Amino acid sequence: MPREIKVVSTTVAAPASQVYEFASRRENLHLWASGLASADVEQEGDHWVVTGSPMGRIEIRMAPRNDFGVLDHDVTTPDGVTTHNAFRVTPVDEGCALTFVVLRTAGASDEDLERDAAHVLKDLRALKGLVEQRVGPR
């Protein structure tokens, strides 16, 4: 039986290509992904390493750059557990939608899953605010 999920999304008043470009750059990660990154996101081989995350030292393996808005990434925590995170930037008219699939972790309660989803939504809204500020009024 597959794990339970929560799909978290929000719309952004900025072109999908601009949102994808901003969100895919490791130097911007700490500006919006509070669950993952501090200012110290380093490139190490084919992945990113974050030493100051709330979880400790983590590794992030991003999907290769693509034209489809796929920002999927695997996060490996200090205990060696790797979680796949499905994250998309989808064009919607002149703007876009950010969509993130939150997986229930092993042993997580309903409240834990809701808290994880709320944290992801907070991060998506932070990304939305940053990109919309850069684009300006439409």
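Heads up: these notes are all about the structure in this document. (Residues numbered from 1 in each chain as written. Predicted model: local features only at pLDDT ≥ 70, side-chain atom pairs only at ≥ 80, totals over all residues. Heavy atoms only, no water.)

### With respect to the environment of H30
Step number 1: Position of H30 relative to the elements: it lies in helix α2 (residues 29-32).
Step number 2: Taking C-alpha positions, H30 is 7.8 Å from V41, a pair spaced 11 residues apart along the chain.
Step number 3: Within the structure, the side chain of H30 is placed 3.3 Å from the backbone oxygen of E27, a separation counted as a polar contact. (Helix = DSSP H or I, 4+ residues; strand = E, 2+ residues; numbered from the N terminus. Polar contact = N/O pair within 3.5 Å; in protein donor to acceptor, adjacent residues only side chain to side chain.)

### Quick notes on helix α3 (residues 110-135)
Step number 1: When the terminal C-alpha atoms of α3 are compared, their 37 Å separation across 26 residues agrees well with the 38 Å that a helix rising 1.5 Å per residue should span.
Step number 2: Within α3, the full set of buried residues consists of L113, A117, V120, D123, L124, L127, L130 and V131. (Expected span 1.5 Å × (residues − 1). Buried < 20%, exposed > 50% of the residue type's maximum accessible area, 1.4 Å probe, protein only.)

### A short note on the packing of helix α1 (residues 16-23) against α3
Step number 1: Running from N to C, α1 and α3 point in directions that differ by 120 degrees, and their axes come no closer than 10 Å. Comparing the axis directions of α1 and α3 gives the class oblique. Judged by the sense of rotation from one axis to the other, the crossing of α1 with α3 is right-handed. Seen from α1, the contacting residues are Q18, V19, F22 and A23; seen from α3, they are L127, L130, V131, R134 and V135. (Axes fitted to C-alpha atoms, helices over the stretch in contact; angles between N-to-C directions. Parallel < 35°, antiparallel > 145°, perpendicular 65-115°, else oblique. Left-handed = near helix turned anticlockwise from the far one by under 90°. Contact = heavy atoms within 4.5 Å.)

### Some details on the sheet that holds strand β4 (residues 56-62)
Step number 1: Taken in spatial order, the seven strands line up as β1-β7-β6-β5-β4-β3-β2 in an open sheet, and their pairing is antiparallel. Both outer strands of the open sheet, β1 (5-12) and β2 (41-44), are each paired with one neighbouring strand and no more. Neighbouring strand axes in the sheet, compared pairwise and without regard to direction, differ in orientation by 25 degrees on average.
Step number 2: Relative to strand β6 (residues 82-92), strand β5 (residues 73-76) runs antiparallel, the two being bridged by four bridges. In the sheet register, H73 faces β6, and the bridge partner there is N85.
Step number 3: Against the sheet, α1 touches β1, β6 and β7 (95-103), its axis set at about 150 degrees to β6. (Pairing = 2+ DSSP bridges.)

### Comments concerning the nonpolar core
Step number 1: Membership of the largest hydrophobic core comes to 32 residues, with the highest contact counts inside it found for V19, W32, I60, F87, L98 and L127.
Step number 2: Those elements that place two or more of their residues in this core are β1, α1, α2, β3 (47-53), β4, β6, β7 and α3.
Step number 3: Apart from residues no more than four positions distant in its own chain, V19 is found in contact with V12, A14, V89, C96, L98, L127 and V131. (Core = buried A, V, L, I, M, F, W, Y, C linked by side-chain atoms within 4.5 Å.)

### Focus: the packing of aromatic side chains
Any aromatic ring pair is given by two values, namely how distant the centres are and how the planes are angled relative to each other.
Step number 1: For the coordinates displayed, the defined rule picks out two aromatic pairs.
Step number 2: Here W32 and F87 contribute two aromatic rings whose centre-to-centre distance is 5.9 Å and whose plane-to-plane angle is 50 degrees, an arrangement assigned as tilted. On the criterion of sequence distance, the pair formed by W32 in helix α2 and F87 in strand β6 is long-range, its members being 55 residues apart.
Step number 3: On the basis of relative accessible area, W32 is assigned to the buried category, the value being 8%.
Step number 4: By relative accessible area, which is 3% here, F87 ends up buried.
Step number 5: Considering the side-chain rings of F87 and F100, the 5.6 Å spacing of their centres and the 50 degrees angle between planes classify their relative orientation as tilted. Placement of the pair is F87 in strand β6 and F100 in strand β7, with a sequence separation of 13 residues.
Step number 6: For F100, a relative accessible area of 11% gives the class buried. (Phe/Tyr/Trp six-rings, centres within 6.5 Å; stacked < 30°, edge-to-face > 60°.)

### Regarding unusual backbone geometry
The bulk of non-glycine residues show a negative phi, and the bulk of peptide bonds are trans.
Step number 1: Even without being a glycine, D93 presents a positive backbone phi close to 55 degrees.
Step number 2: Following the sequence through the fold, D93 ends up in the loop between β6 and β7.

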